[in-house]
Amino acid sequence: MRPWFIHLIKLLFPPQVLLPDIVGIDIGLTLSALAIALYLTKARRWGWLWREWLTTVDHKRIGIMYIIAALIMLFRGGVDALMIRSQLIVPEAHFMGAQQYDEVFTTHGTVMIFFMAMPFFFGLFNVAVPLMIGARDVAFPRLNAISFWLFAFGAALFNISFSIGGSPSAGWFSYPPYSELQFNPGVGENYYLLALQVSGIGSIATGINFLVTILKLRAPGMTLMKMPLFVWSALVTSTLILFAFPPLTVALGLTMLDRLFGASFFTLAHEGMPMMYANLFWIFGHPEVYILIMPAFGIFSEVVPTFSRKPLFGYEAMVISLLAITFLSYGVWVHHFFEMGAGPGVNVFFGLSTMLIAIPTGVKMFNWLFTMWGGRIRLSVPMLWQLGFIPTFVVGGASGVMLAAVAADYQYHNSYFVIAHFHNVIVGGTVFGLLSGMYYWWPKMFGWKLNERQGRWAFAFFFTGFWLTFMPQYFLGLEGMTRRMASYPPGLGWGGLNAMSTIGAFIMGVGFAILVYNIAWSRMHPEWDTTGDPWDGRTLEWSLPSPAPAYNFARIPEVHERDAWWAMKQRGETDAVKLSPDQVEPIHVPKNTPMPICLAVSFFVGSIGMVFAWHWMAILGGLGVVAALAYGSLEDDTDRELDPTTVLNTEKRLGRVHP
Amino acid sequence: MRRRLKRGWILLASPLLLSGCGSEYVVLHPAGPVAATELHLIELSAAIMTGIILVVWALLAYILVRFRDTPNNRAPYLPNWRGTLWLEALVFGVPVLVLLIMAVPTIKKTYALDHIPSRHPLIIDVTSLDYKWLFEYPQQHVATVNYFYMPTGQPVLFQLTAHSPFGAFWVPNLGGMEYTMPNRVLPLWLEARRPGVYLGRNANYSGVDFWRMTFSAHAVSPAAFQAWVRQVKRTYRPMTEDDYRRLATHFDLVGQETYSAYPSDTFPERFREFTIQGLHYVPTRHP
């Protein structure tokens, strides 16, 4: 064979990635990709896939794609988690080598945060926010599709790293100088930098999109203080994204300059300043955790009133709390490194600002409780996740306040106490919230409900597994076990708690399997939602049929109070959403476009070029990006008009026209 | 069903809580004043937070029992209750009060730990390398690898740096951690009151073998410490430039090593970010 070919193979498949399990997964992935391709060809579904999904700009479909992608990533990150826990079940286990362990915990964290949690709530924003505010789409439908495809190809880029070239191994926050070439010579870290950079562009665009949508496209009469709380949470999350992501972009960009072009911003040599990276990363990283939790707060603020049949307690206080958390979240980042010599003055300032966040969060917690007080609580699956959230999140929040007590943090830092804390808030808060939201809006997305009985079992396993996994980890922290240890010697007394934690993780895994089964089973045996309002809901999305037609609202509703749909039902005015034949107007809808997916593919190609430092390929990708943007700017035939007869016929079929 | 789950958790948790007394809970067994101060704050905050957790759990359990949507539920149904000012004020006021109770000791103890209770601490210069710890005694002019001796009853000032990715120097029995960072020198003081051998480790991920990067801290009586220094001076050879280069550039694990002297340029004194004035670290500015 020619030497360049051997060189290429060695670069793409370095010796350490040729582990039997990875080869097995590679073969499995290739086979399933072939199977899907074969199915699409046989069923003649390629055209359908292209027209209905790959080029769509409909926010509801984009939302569904986000959620499916997020569930796949939840699976991937979950498998990583089970591998981590299997390695730690007993002292000195040899489930995998230390290098592979390092890669697995890095991809676990990165996938769960950037490619599971964020797209999951972007999906729910897409599905619910325009319907809740009475809009026909988001403000920039095409930008919305661009955001999705950038995320999807960013995620793909990150996920191919483990079979081609090797995964990153510097942890999800990737501190230099360990992430620099001197200590991390493989291409894995390049994958991390490029994948986050590409999907980060998409995230910023989503932030802008929802900010404008919520500020400009609300139905007449819906003032800011009449918006559903989930819309408020989308608004503050978008704001947070807009201001939090740029520091990450800078940090990743400078690291990339170090690695690819020989700069020394953060290197050990030439007196680089790795401390600066820590600051930049956490100026992004702390708002990021509020980006993750705020949508969950929003979801619970919808779910609790609906399933208690009562309006939200203290709406104004809830809104003010969201705004307070948004503001404070930019002033707490140093609590991630109280031990990096900032001095007592700085540390105390950031410790106290961290504690302050507990006040608005506590207010929210009690307001949810008082919303249930005097209500009639139905234990449907979305509500079960909420009821699991309250006792779990209060523990996570309390341990957060303990961590904010600076001098105590000197002992907790980097220990399993911290691991327990942030899984307690991110799983017990964000994941419980997202799953609650998924069960809640699922009928609105697909027109059928998820089976309740199976949903209860999924919750029961996940919830029990969660407590068994993470509570022992607080105690492991007090026993001096630090995070990211690839193994541990016997004799330190860590064995029992670790074994417990691993068993818990597998119980959570069973819970996830039941959830997937629940989706598949309910798809085969659909329980159709014919009313459009399966939960006896309160907000406008439940005034529409499930699923909503492409244009959402044939006539934009007028809003006079909070919980507009509930009020209409109370007054017996639900017929107001129906149409008279003489009221029908033509509706402008955006046209499908291949530009977003082409743009994302170009980014993908260019990024691969950057990862392997193949400059011709990076330039090719760059040209593709420019071409896609030019095509997008010059194209003028971007929307079409639905004529009144089509609208009328659609509405007639849905039974929404006055006779 | 949820209540059943919760009861199950308490049963599971009780052995955890009871086992809190075992000596494997290193953070809960301080051997010196720094760890004791930190433990005090941990206990205080844990007690307050447990109280809050129990209040929320109890309230939730009560609400769930009382306001379930069952046909014969006689609890009041308040479909239009949107808020009551005094209750909202209470919900805001209680967290504020709790945090004030937490904030005062946090401030006091954080400042207290920044202040070395001696004008003449023993100084140990610590460098984290891949994957070993180098300890140098600038006053005694001896050096060790992966272990060190310290006298009991005397504060020790550790000056921490790294010639490797970030590490974190942590001896849980003696007190909390501080990072070791390249091109920076950070201070940390610890003191042992009880003699003993305490396990220390690198608490920050810095590469594949970071988790094996442990060291032992031997706390011995001052007389025994002096005897140890004399013995090192007598028995061992000095560290050469080559020895240092081997330690710094080979990414490997080594056992314990001892040297009767060391080259002075192996510790980057110029990156020191503080001076000691009286009992305090005072930050200095870099040029």
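Residues numbered from 1 in each chain as written. Chains lettered and ligands numbered in written order. Predicted model: local features only at pLDDT ≥ 70, side-chain atom pairs only at ≥ 80, totals over all residues. Heavy atoms only, no water.

Some details on the packing of aromatic side chains
Residue and element names in this part refer to chain A. Counted only if it meets this: Aromatic contacts are taken between Phe, Tyr and Trp rings whose centres are within 6.5 Å, Trp giving its six-membered ring; a plane angle under 30 degrees counts as stacked, one over 60 as edge-to-face, and the others as tilted. Secondary structure elements are defined from DSSP: runs of H or I of at least 4 residues count as helices, runs of E of at least 2 residues count as strands, and each element is numbered from the N terminus. Burial classification: accessible surface area is computed with a 1.4 Å probe over protein chains only, and a residue below 20% of its type maximum counts as buried, one above 50% as exposed, and the rest as partly exposed. Sitting over a ring, as applied to charges here, requires NZ of Lys or CZ of Arg to be within 6 Å of the ring centre and within 35 degrees of the ring normal.
Applying the stated criterion to the full structure yields 89 aromatic pairs over all chains. Pairing Trp385 with Phe432 gives two aromatic rings, centres 5.3 Å apart and planes at 65°, and the pair type is edge-to-face. Highlighted residues: Trp385 in helix H12 (residues 381-404) and Phe432 in helix H14 (residues 416-446), separated in sequence by 47 residues. With a relative accessible area of 1%, Trp385 lands in the buried category. Phe432 sits in the buried class, given a relative accessible area of 0%. Directly above the ring of Tyr315 sits Arg562, whose terminal nitrogen or CZ lies 3.8 Å from the centroid.

Re the side chain of Ser179(A)
Note the following rule: We call two residues contacting when some pair of their heavy atoms lies within 4.5 Å.
You can see Ser179(A) is positioned in the loop between helix H6 (141-160) and helix H7 (188-216). Excluding its chain neighbours within four sequence positions, the residues that come into contact with Ser179(A) are Ala170(A), Ser174(A), Asn184(A), Glu189(A), Thr255(A) and Arg259(A).

Some details on the pairing of strand E8 (residues 186-190) of chain B
Residues and elements named next belong to chain B. For clarity, the cut-off: At least two DSSP bridges between two strands are required for those strands to pair.
Across the five residues that make up E8, a large majority, five, are buried. For strand E5 (residues 156-162) and E8, the ladder comprises five bridges, and the chain directions are antiparallel. Across the sheet, Leu160 pairs through a bridge with Leu186, a residue of E8.

Observations concerning the domain arrangement of chain A
All names here are of chain A. Rules: All domain edges in this entry derive from an automatic or database-based domain assignment. Summed over both partners, the accessible area (1.4 Å probe) lost when two parts come together is defined as the buried area. Salt bridges are counted wherever a side-chain nitrogen of Lys or Arg sits within 4 Å of a carboxyl oxygen of Asp or Glu. For this analysis, a polar contact is any N or O atom pair within 3.5 Å, provided that within protein one partner can donate a hydrogen and the other can accept it, and provided that sequence-adjacent residues contribute only side-chain to side-chain pairs. Residues were grouped as follows: Ala, Val, Leu, Ile, Met, Phe, Trp, Tyr, Cys and Pro as nonpolar; Asp, Glu, Lys and Arg as charged; and all remaining residues, including Gly, as polar.
Here chain A is described as being made up of domain 1 (13-44) and domain 2 (45-547 + 556-577). Relative to domain 2, the C-alpha centre of domain 1 lies at a distance of 29 Å. Taken residue by residue, the interface counts 14 residues in domain 1 and 10 residues in domain 2. Summed over both sides, the interface of domain 1 with domain 2 buries roughly 1,100 Å², with 65% coming from carbon and sulfur. Linking domain 1 with domain 2 are zero salt bridges. At the surface where domain 1 touches domain 2, the tally comes to three residue pairs in polar contact (both at pLDDT 80 or more). Of the residues assigned to the side of domain 1 that touches domain 2, the class counts are 10 nonpolar, one polar and three charged.

Description of the interface of chain B and chain A
Across the contact, 90 residues belong to chain B and 97 residues belong to chain A. Taking both partners together, chain B and chain A bury about 8,400 Å²; carbon and sulfur atoms supply 74% of that area. Counting across the chain B and chain A interface gives two salt bridges. Here chain B is connected to chain A by 27 residue pairs in polar contact (both at pLDDT 80 or more). Where the side of chain B that touches chain A is concerned, the elements lending two or more residues are helix H1 (2-18), helix H2 (33-66), helix H3 (85-112), strand E7 (175-180) and strand E9 (196-202) of chain B. The dominant element in the side of chain B that touches chain A, judged by the number of residues it contributes, is H2(B), at 16 residues. For the side of chain B that touches chain A, the class distribution of residues is 58 nonpolar, 16 polar and 16 charged.

Let's talk about empty space enclosed by the protein
Summary: where empty space remains is shown by rolling a probe the size of a single water molecule over the atoms. Residue and element names in this part refer to chain A. Rules: For cavity detection a 1 Å grid was placed over the protein atoms alone, and a set of points counts as a cavity when a 1.4 Å probe fits there but cannot get out; an open set counts as a pocket when protein lies on both sides within 12 Å along at least five of seven lines, with lining residues being those that have an atom within 4 Å of a point. Grid points are joined across faces, edges and corners, and a volume is the space filled by probe spheres set on the points.
Within this structure, the stated rule accounts for five cavities of 30 Å³ or more. One number sums up the size of the largest cavity: a volume of about 140 Å³. If you go around the largest cavity, you meet 15 residues; those closest to its centre are Pro228, Leu229, Leu312, Tyr315 and Asp563. Sorting elements by how many residues they give to the lining of the largest cavity places helix H9 (residues 274-308) first, with three residues. Looking at side-chain class alone, the lining of the largest cavity contains seven nonpolar, two polar and six charged residues.

Quick look at helix H18 (residues 595-611) of chain A
Keep this limit in mind: Multiplying one less than the number of residues by 1.5 Å gives the expected span of a helix.
Taking 1.5 Å per residue as the helical rise, H18(A) with its 17 residues ought to reach 24 Å, and the 24 Å between its terminal C-alpha atoms agrees with that figure. Burial runs high along H18(A): 14 of the 17 residues are buried.

Thoughts on a nonpolar patch on the surface
Applied cut-off: Surface patches are defined over residues having more than 30% relative accessible area and no salt bridge, joining like charges when they lie within 9 Å and nonpolar side chains (Val, Leu, Ile, Met, Phe, Trp, Tyr) when within 5 Å. All accessible areas in this document rest on Shrake-Rupley with a 1.4 Å probe, and a residue is counted as covered only by the protein chains that are shown.
A contiguous nonpolar patch, built from Trp4(A), Phe5(A), Ile9(A) and Phe13(A) and spanning about 380 Å² of accessible area, is present on the exposed surface. Examined against the element boundaries, Ile9(A) turns out to sit in helix H1 (residues 3-12).

Structural notes on the nonpolar core
Here is the rule we go by: Buried Ala, Val, Leu, Ile, Met, Phe, Trp, Tyr and Cys residues that are joined via side-chain atoms within 4.5 Å together make up what is termed a nonpolar core.
With 296 residues, the main nonpolar core has Met438(A) and Phe169(B) as its most contacted residues. Among the nonpolar cores identified, the runner-up in size contains 11 residues, and Ala143(B), Leu247(B), Ala248(B) and Val254(B) belong to it.

Comments concerning the confidence of the model for chain A
Here is the rule: Per-residue confidence from the prediction method is given by pLDDT, with values spanning 0 to 100.
When the pLDDT values of chain A are averaged, the result is 93; 99% of them are 70 or greater. Averaged pLDDT values over the elements of chain A bottom out at 82 in H1(A) and peak at 97 in helix H15 (residues 452-478) of chain A.

Points about the sheet that holds E5(B)
Residue and element names in this part refer to chain B. What counts, and what does not: The angle between two axes is taken between their N-to-C directions and runs from 0 to 180 degrees, where each axis is a line fitted to C-alpha atoms and a helix contributes only its stretch in contact.
Taken together, the six strands give an open sheet; going across it, the order is E8-E5-E1-E2-E3-E11, and neighbouring strands pair in mixed fashion. The sheet terminates laterally at E8 and strand E11 (257-259), the two strands that pair on one side only. Strand-to-strand twist in this sheet, taken as the mean axis angle between neighbours without regard to direction, amounts to 20°. Relative to E11, strand E3 (residues 142-145) runs antiparallel, the two being bridged by three bridges. The residue bridging Ala143 from the neighbouring strand is Tyr259, located in E11. On top of the sheet, helix H4 (residues 222-235) reaches strand E1 (122-129), strand E2 (132-137), E3 and E11; it is set at about 90° to E3, its chief contact.

Here's the deal with helix H4 (residues 59-88) of chain A
Residues and elements named next belong to chain A. Over its 30 residues, H4 extends 43 Å from the first C-alpha to the last, a length consistent with the 44 Å expected when each residue adds 1.5 Å. Most of H4 is tucked away: 22 of the 30 residues are buried. By the N-cap criterion, in which a side-chain oxygen at the helix start approaches the backbone nitrogen of a residue two or three places on, H4 is capped by Asp58, the distance to Lys60 being 2.9 Å.

Comments concerning the packing of helix H8 (residues 229-261) of chain A against helix H10 (residues 315-328) of chain A
All names here are of chain A. Just so we agree on the cut-off: Orientation labels follow simple angle bins: below 35 degrees gives roughly parallel, above 145 gives roughly antiparallel, 65 to 115 gives roughly perpendicular, and whatever is left gives oblique. Note on convention: near helix rotated counterclockwise from far helix by under a right angle means a left-handed crossing. Clockwise means right-handed.
For the pair H8 and H10, interaxial distance at closest approach is 10 Å and the crossing angle is 10°. Considered as vectors, H8 and H10 are oriented roughly parallel to each other. Both H8 and H10 take part in a crossing whose hand is right-handed. Across the interface between the two elements, Leu229, Trp232, Ser233, Val236 and Leu240 of H8 pack against Tyr315, Met318, Val319, Leu322, Leu323 and Thr326 of H10. Taken together, the residues of the contact of H8 with H10 break down into nine nonpolar, two polar and no charged.

Focus on the sheet that holds E9(B)
All names here are of chain B. Read from one edge of the open sheet, five strands run E4-E10-E9-E6-E7, paired in mixed fashion. Strand pairing shows two members of the sheet lacking a second neighbour, strand E4 (147-151) and E7, which therefore form its edges. Within this sheet the neighbouring strands show an average axis-to-axis angle of 25°, counted without direction. Relative to E9, strand E6 (residues 167-171) is paired through two bridges, and the arrangement is antiparallel. Bridge pairing in E9 places Phe169 opposite Asn202.

Section: the pattern of salt bridges
Counted according to the given criterion, the structure contains 25 salt bridges over all chains. As a salt-bridge pair, Arg562(A) and Glu316(A) come within 3.1 Å of each other at their nearest N and O atoms. Of this pair, Arg562(A) sits in the loop between strand E2 (527-528) and helix H17 (564-570) while Glu316(A) sits in helix H10, and the two are 246 residues apart along the sequence. Here the salt bridges share partners, and the residues they tie into one network are Arg309(A), Asp533(A), Asp536(A), Lys569(A) and Asp69(B).

A short note on the side chain of Thr180(B)
For Thr180(B), the position within the fold is in strand E7. Contacts of Thr180(B), omitting those with residues within four sequence positions, involve Ser128(B), Trp133(B), Leu160(B), Thr161(B), Ala162(B), Pro165(B), Phe166(B), Gly167(B), Ala168(B) and Phe169(B).

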